[in-house]
Amino acid sequence: MRSVSIIGVGCTKFGERWDVSLRDMIAEAGVLAIDDAEISGEQIDALYVGNMSGGRFVEQEHIGALIADCAGLSRLHVPSTRVEAACASGGLALRQGILAVASGYSDIVIAAGVEKMTDVSSGTAADALAAAADREWECFFGATFPALYAMMARLHMRRYGTTHDQMAAVAVKNHHHACYNPIAQYQMEISIDDVNHSPMVADPLHILDCSPISDGAAAVVLAPTEMAKKLSESPIKVAASAQASDTLALHDRRDLTTLDATVHAGRAAFVQAGIEPRMVDVAEVHDCFTIAEILAIEDLGFVEKGQGGQATEEGLTALGSSLPVNTSGGLKACGHPVGATGIKQAYEIALQLRGEAGRRQVDEAEVGLAHNVGGSGGTALVHIFTR
Amino acid sequence: MAKGIVSYGVYIPRFRIRLEEIARVWGDGEEISEGLRVLEKSVPDLDEDTVTIAVEAARNAIDRCSADPKRIGAIYAGSESHPYAVKPTATIVGQAVCSSSSFTAADFEFACKAGTAALQACLGMVGSGLIDLGLAIGADVSQGAPGDMLEYTAAAGGAAYLIGSQDLAAEIEDTYSFTTDTPDFWRREGMPYPEHGGRFTGEPAYFKHVTGAARGLMKRLGTVPEDYDYAVFHQPNGKFPLRVSRMLGFSKKQIEPGLIVPLIGNTYSASCLIGLAATLDVARPDERIFVTSFGSGAGSDAFSIRVTDRIDEIRCGAPSVRDYIGGGEYLDYAMYARHKGKLRV
Amino acid sequence: MTTQAPRFWRSIPQRYNLSGTHCKRCDEYFFPPRNLCPNCRRGAHLEEYTFKGTGSVVTFTTIYNATEEFEKLTPYNLAIIQLDEGPKVTGQVVSCPGGIKIGMRVRPVFRILGKEGDRGIIYYGTKFAPLVEPSCEDEKR
């Protein structure tokens, strides 16, 4: 198996992009990544694109061929594959790209992600997202995504004494980080009070505990590390790529306050990379809801189980601390175009490790981690990157 | 062969609206509640309809006597508010309460007496030996147009009776019906609310048919009102059953245990069956109950019932009518309108 | 008008009466029914089992913002309930004006779960409500 590196990255502005289509965004992100890698279309061996629900959001399936076409690669007949794992579709596309390069089947591969969510009403969007839960045995009874995470939050609060202020601290921190990220959807500060007084979505989660509905696309260019050294001045090495599954329905889980898929993918990734959690300098974790970031930093081993809320409240995961989490603003404030999120995480980590993250730059970042979750934890992906 | 009630069960949604609240909205005087002798009426939850009410009542009937649902050979569901115009309520109830598929089923509609018509059909099936146990249901989430007099009383509830020939909790000694073509109240296909003939629903409709059936049955049996410990009449309001009982020679004391309309309103197909259930809740072995339903259109079914020793064994197996009447949650008219789907969105 | 009648019809036994499976080999109960026991896999001895429907609230939420299908029902309670036989299920909890609590005992009730608009079929099935004993029983004690 060959070592794989990232040689180029690109990401569109995230947000309510009324003026652009899914096609426009994927072309924009692809061109940015290819420009960054300084390669040409003829060099591309394969495309992998993460997209959760083109069918529901823009009534378009067959996204693989569409992407190749939009990227101007149709006449080169480059194989293009769409992968789907709900909100982890981007992370999964990245992993498929890595596997293709590592196996030797392909040399230069584009891994991309895209979602256009604002062409439908918020009710339709909520329903499309709910399809990532168990349609028959959760959604059929009225479950929504915020509701599933709210039930995890309720139990976490009960078991570990986590407070809503601690959850709100995740949102406050990530909004603060997003102020330094030009592609972020919400570049504005919020307070604990703002979160606590925002409308309730699913008790105890308020609207400001939730990631938004967003449009956006991101892409990275992958190459064998040997080749990457020649093609790029600052390649980012993929030190680990791990994926794990769990039951589709939340109620079937071993423990409702732990995402076992995250635990397993995290452990496998740390073994592959030969490092320990404390050696990570910067992490992008899946904060689709504030409670999700608390669960993530516990399940990845950055803090003890039950300590995630307190750690966040104490600022241990803020920019300037020993482990800044979600410097991009996370899903919460950078935005969460579901298929694009996993790729955007890799984009952010690549910028951090290259020292190109501007005002949100983590000093001397050498090891970065990206954690992407599908659904309420049915799929988790963990990638570790090094300089 | 003696035949009759093996078990019974009721269900009444827990929401209530006071008549004075409805009167407040339509600018009617508070005396309307006094005139109708109804204080409040039951209102279904947002996710309740005739089917869900029928299932809850049927489950209570089966649980009360721990009957083996496999014995049920017929299910007849009476209602004037079946959720489907075509597709039976009875099949849904059957799937929810029976563990086999070998039963016959049909929906009945006869305004407020569809439930007693279902009961008679079960008696016939049991009496002829075609089935072992029959399940007769009267359930409604009745509709009254906003501002119409009906809105003051149209309520929601259900009652289910297991009819058989063994282990009777009450024997049905005889039944007699009185039926004519009288257009006092109707709802045309596709219309959301029923129409009615105002005072025409009284004398030529309710009173003529109830007295016709009641007198017919007593004449056939050679009984008089004094032979009965209790009497139950259809309860479209609190006034009519009192008046008809006086006309027939029954006392207020006889009808009181079964007079539930002041606290839950008119539950249409369930009305006199819930009244009978409330009476069975308190009746002692060997006591006799006289029951007469009324359905607009129009007809009445009268029953002469004798309670057996078994009543004491099954009484506590399921919630009583009083269990469902206490502890309601009151709605204002706006919430009531939402519950009844009166707000078109 | 589109209907999902076959899809709903297939799971009527589970929706109406919580019909699941029990593996006689490892003695674990499953809801919804499983074709394969995750413990014993092909060595399993699965049999049909209808759950009593009583259980306890493990965790819950009140939903204020729902999908289009459930918008008319908000706010409503959703909970994960551990059935007395072991498995956990997701379901709505109705009729609890006193509020819903972790550990609260519940029983099954028959309700409308959804509708295919004004013209399609009606999905009936199980929700949960606080467990109350008939008053008659109290008098006996």
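Residues numbered from 1 in each chain as written. Chains lettered and ligands numbered in written order. Predicted model: local features only at pLDDT ≥ 70, side-chain atom pairs only at ≥ 80, totals over all residues.

> When you look at the overall build of chain C in this model, what are you seeing that I'm missing?
When you go through chain C residue by residue, the secondary structure sums to 3 helices and 8 strands. Secondary structure of chain C in N-to-C order comes out as α-α-β-β-β-β-β-β-β-β-α. Projecting the C-alpha coordinates of chain C onto the three principal axes gives extents of approximately 55 × 45 × 25 Å. In chain C, of all internal contacts separated by at least 6 residues, the share reaching a separation of at least 24 is 51%. (Helix = DSSP H or I, 4+ residues; strand = E, 2+ residues; numbered from the N terminus. Contact = placed C-beta atoms within 7 Å.)

> Which parts of the structure should I look at to understand the interface of chain B and chain C?
By a frequent convention, interface size equals the accessible area lost on bringing the separate parts together. Counting residues at the interface gives 21 residues for chain B and 18 residues for chain C. Of all elements in the fold, only α3 (50-65) and α4 (89-97) of chain B reach the threshold of two or more residues within the side of chain B that touches chain C. The leading source of residues in the side of chain B that touches chain C is α3 of chain B, at 4 residues. A breakdown of the residues in the side of chain B that touches chain C according to their chemical character gives 9 nonpolar, 3 polar and 9 charged. (Nonpolar A, V, L, I, M, F, W, Y, C, P; charged D, E, K, R; others polar.)

> Where do I start with the interface of chain C and chain A in this structure?
Taken together, the contact pairs 27 residues of chain C with 29 residues of chain A. At the level of elements, β4 (55-63), β5 (76-83) and β6 (88-93) of chain C are the ones that each hand at least two residues to the side of chain C that touches chain A. With 6 residues, β4 of chain C is the single largest residue contributor to the side of chain C that touches chain A. A per-class count over the side of chain C that touches chain A returns 14 nonpolar, 9 polar and 4 charged.

> I tried to follow the domain arrangement of chain B on my own but got confused; where do I start?
Residues and elements named next belong to chain B. Each domain of chain B was delimited in the assignment, giving domain 1 (4-169 + 312-339) and domain 2 (172-309). The gap between the C-alpha centroids of domain 1 and domain 2 is 16 Å. In this assembly, 49 residues from domain 1 lie in contact with 43 residues from domain 2. Among the secondary structure elements, those contributing two or more residues to the side of domain 1 that touches domain 2 are β1 (4-11), β3 (40-43), α5 (114-127), β6 (133-141), β7 (156-164) and α12 (321-325). Looking at the side of domain 1 that touches domain 2, the element that brings in the most residues is α5, giving 6 residues. Residues of the side of domain 1 that touches domain 2, tallied by class, amount to 25 nonpolar, 15 polar and 9 charged. (Domains from an automatic or database assignment.)

> Explain the domain arrangement of chain C here, please?
Residue and element names in this part refer to chain C. What the domain assignment lists for chain C is domain 1 (18-50) and domain 2 (52-132). Of note, the centres of domain 1 and domain 2, computed from C-alpha atoms alone, are 24 Å apart. Residues that form the side of domain 1 that touches domain 2 fall into these classes: 4 nonpolar, 1 polar and 1 charged.

> Even after reading the chapter, I still don't get the packing of helix α6 (residues 145-160) of chain A against helix α11 (residues 290-299) of chain A, so can you show me in this structure?
What describes two packed helices is the angle between their axes and the distance between those same axes. Residue and element names in this part refer to chain A. Between α6 and α11, whose axes approach to 9 Å, the crossing angle comes to 60°. With respect to each other, α6 and α11 are oriented oblique. Between α6 and α11 the crossing geometry is left-handed. From α6, Tyr149, Met152, Ala153 and His156 reach across to α11, where they touch Ile291, Ala292 and Leu295. Residues belonging to the contact of α6 with α11 are distributed by class as follows: 6 nonpolar, 1 polar and no charged. (Axes fitted to C-alpha atoms, helices over the stretch in contact; angles between N-to-C directions. Parallel < 35°, antiparallel > 145°, perpendicular 65-115°, else oblique. Left-handed = near helix turned anticlockwise from the far one by under 90°.)

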